Amino acid sequence: MIPAPFQYHKPASVAEAAELLKKHGSDAKILAGGHSLIPLMKLRLAQPEVIIDIGSIESMSYVQERDGGTAVGGTTHYVDIANSSIVPTALSEAAAQVADVQVRNRGTIGGSLAHSDPAADLPAALIALKGQIITSSTGEHRTIESNEFFQDLFTTSLREDEIISEIFIPSESSGTGSAYVKFANKASHYAIVGVAASVTIAGGKCTEASIGVTGAGPAAYQASASVSDLIGSNLDNADVEKASSKAGEGVEFNDDVHASGEYRAHLVTVFTERAIKLASSRAG
Ligand SMILES: Cc1cc2nc3c(=O)[nH]c(=O)nc-3n(C[C@H](O)[C@H](O)[C@H](O)COP(=O)(O)OP(=O)(O)OC[C@H]3O[C@@H](n4cnc5c(N)ncnc54)[C@H](O)[C@@H]3O)c2cc1C
């Protein structure tokens, strides 16, 4: 199908994009890689009157070590994140597993986070790595912690006038390993369930942990009960199994043509165990 008519703007900077967003308000939509928005427009599930295309703003695409962490520009493509040697492993591993080459070459980190598809890969990695989402609006920047960003199905704490301009991931403590593993839909590669883990080991014990889960419920989340169990443990098989069995606690599981809620609950336990073990094998 062909999208409904729209006005098209191609700003040269984030500031210009923010001005346009302020001017057009709820009539406008940001366009980045277009791999989620364009299909919605073709199906007429989205009919923005104004498109603000930020996909060519060069200053928004980068991966840099800065301020004690890694800064990733809002329109950085998956392929550049997957190939980066400075991005923490859980994030590069998640980006490398998104869809296919075509989607990885066009899709952007900001687009993935703003869209907040319940089956998207990057939200789980960002939560596990305690990443921050930096937004820009006219004359203002805001920092949102990733565990507060994903609120519900396709719903985030992003305001209508805000653009995701950067993602910041604090440096990992020494002795930390991270990983992302998923059970993928065979056709689209979206996560039926995906789990990212970050584990810090010192003196043979787990001193810090963080686990992000996607695909299971309406939005990606931190598996807090599993994290509490892991910290202070020796990370032996029994510890990891017990912690993993709690990763779905309190979740209202998605139940659709791809997998029942019961099957997703099972996958969450299995993939949390795998993610913790893989992250631990890279830690210490
Ligand atoms: C065939 C196919 C398979 C896919 N498989 C996977 C998969 O396995 N895993 C996965 O995670 N994803 C998958 N996707 C989705 C893909 O990752 C999209 O690229 C992503 O969801 C959106 O990123 P985008 O840059 O294309 O954003 P767009 O489609 O351009 O925009 C998506 C939404 O985000 C908003 N937006 C975009 N950028 C910003 C910004 N910087 N600030 C504020 N709002 C912004 C837009 O207004 C729009 O509402 C797949 C898509 C396709 C077509």
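Residues numbered from 1 in each chain as written. Predicted model: local features only at pLDDT ≥ 70, side-chain atom pairs only at ≥ 80, totals over all residues. Heavy atoms only, no water.

**Looking at the sheet that holds strand 1 (residues 7-9)**
For step 1, the next point in the chain: Spatially, three strands are ordered 1-3-2 in an open sheet, and the strand pairing comes out parallel. Of all strands in the sheet, those with a lone pairing partner are strand 1 and strand 2 (28-31), marking the two edges. Each neighbouring strand pair of the sheet contributes to a mean axis angle of 25 degrees, computed without reference to strand direction.
For step 2, the next point in the chain: Relative to strand 3 (residues 50-53), strand 2 runs parallel, the two sharing four bridges. Across the sheet, K29 pairs through a bridge with I51, a residue of strand 3.
For step 3, the next point in the chain: Packed onto the sheet, helix 1 (residues 14-24) meets strand 1, strand 2 and strand 3 and runs at close to 165 degrees relative to strand 3. (Pairing = 2+ DSSP bridges. Helix = DSSP H or I, 4+ residues; strand = E, 2+ residues; numbered from the N terminus. Axes fitted to C-alpha atoms, helices over the stretch in contact; angles between N-to-C directions. Contact = heavy atoms within 4.5 Å.)

**A few points about the site of the ligand**
For step 1, the next point in the chain: Taken together, 31 residues are adjacent to the ligand, and I30, S36, Y78, T108 and D121 come closest.
For step 2, the next point in the chain: T108 is positioned such that a nitrogen or oxygen atom in its side chain is 2.6 Å from an oxygen atom of the ligand.
For step 3, the next point in the chain: Here the ligand has 970 Å² of accessible area as a free molecule, and 90% of this is covered by the chains.
For step 4, the next point in the chain: Judged by its atoms lying within 2 Å of the grid points, the ligand is housed in the largest pocket.
For step 5, the next point in the chain: Mapped onto the shell around the ligand, the elements with two or more residues apiece are strand 2, helix 6 (109-115) and strand 10 (163-170).
For step 6, the next point in the chain: Looking at the shell around the ligand element by element, the count peaks at five residues for helix 6.
For step 7, the next point in the chain: Of the residues contributing to the shell around the ligand, the split by class is 15 nonpolar, twelve polar and four charged. (Near = heavy atom within 4 Å. Polar contact = N/O pair within 3.5 Å; in protein donor to acceptor, adjacent residues only side chain to side chain. Areas by Shrake-Rupley, 256 points an atom, 1.4 Å probe, with all protein chains shown as cover. 1 Å grid on protein atoms, 1.4 Å probe; cavity = no way out; pocket = protein on both sides within 12 Å on 5 of 7 lines; lining within 4 Å. Sits in = over half its atoms within 2 Å of the grid points. Nonpolar A, V, L, I, M, F, W, Y, C, P; charged D, E, K, R; others polar.)

**So, the sheet that holds strand 4 (residues 63-66)**
For step 1, the next point in the chain: Strand order in the open sheet made by the five strands is 4-5-10-6-7, with antiparallel pairing throughout. Lying at the two open borders of the sheet, with one neighbouring strand each, are strand 4 and strand 7 (140-145). Adjacent strand axes in the sheet meet at a mean angle of 25 degrees when their direction is disregarded.
For step 2, the next point in the chain: Set on the sheet, helix 1 makes contact with strand 6 (132-137) and strand 10; between it and strand 10 the angle comes to about 130 degrees.

**Structural notes on the packing of aromatic side chains**
For step 1, the next point in the chain: Evaluation of the coordinates by the stated rule reveals three aromatic pairs.
For step 2, the next point in the chain: Ring geometry for F149 versus F150: centroids 5.1 Å apart, planes at 85 degrees, classification edge-to-face.
For step 3, the next point in the chain: For F149, a relative accessible area of 0% puts it in the buried group.
For step 4, the next point in the chain: Residue classification places F150 among the buried residues on the basis of a relative accessible area of 7%.
For step 5, the next point in the chain: Taken together, a centroid distance of 5.9 Å and an interplanar angle of 90 degrees make the contact between F183 and Y263 edge-to-face. (Phe/Tyr/Trp six-rings, centres within 6.5 Å; stacked < 30°, edge-to-face > 60°. Buried < 20%, exposed > 50% of the residue type's maximum accessible area, 1.4 Å probe, protein only.)

**With respect to the pattern of salt bridges**
For step 1, the next point in the chain: Per the stated rule, a full pass over the model turns up eleven salt bridges.
For step 2, the next point in the chain: R159 is the salt-bridge partner of D161, the closest N and O atoms lying 3.1 Å from each other.
For step 3, the next point in the chain: On the basis of relative accessibility, which here comes to 33%, the residue R159 falls in the partly exposed class.
For step 4, the next point in the chain: In this structure, D229 and K246 form a salt bridge, with 3.0 Å as the shortest nitrogen-oxygen distance. Of the two residues, D229 sits in helix 9 (residues 224-230) while K246 sits in the loop between helix 10 (237-244) and helix 11 (261-281), which places them 17 residues apart along the sequence.
For step 5, the next point in the chain: The class for D229 is partly exposed, based on a relative accessible area of 22%.
For step 6, the next point in the chain: By sharing partners, the salt bridges in this structure join E140, R142, R159, D161 and E162 into a single network. (Salt bridge = Lys/Arg side-chain N within 4 Å of Asp/Glu carboxyl O.)

**So, the domain arrangement of the protein**
For step 1, the next point in the chain: Per the domain assignment, the segments making up the protein are domain 1 (7-53), domain 2 (58-170) and domain 3 (176-281).
For step 2, the next point in the chain: Here domain 1 and domain 3 have C-alpha centroids that lie 35 Å from each other. (Domains from an automatic or database assignment.)

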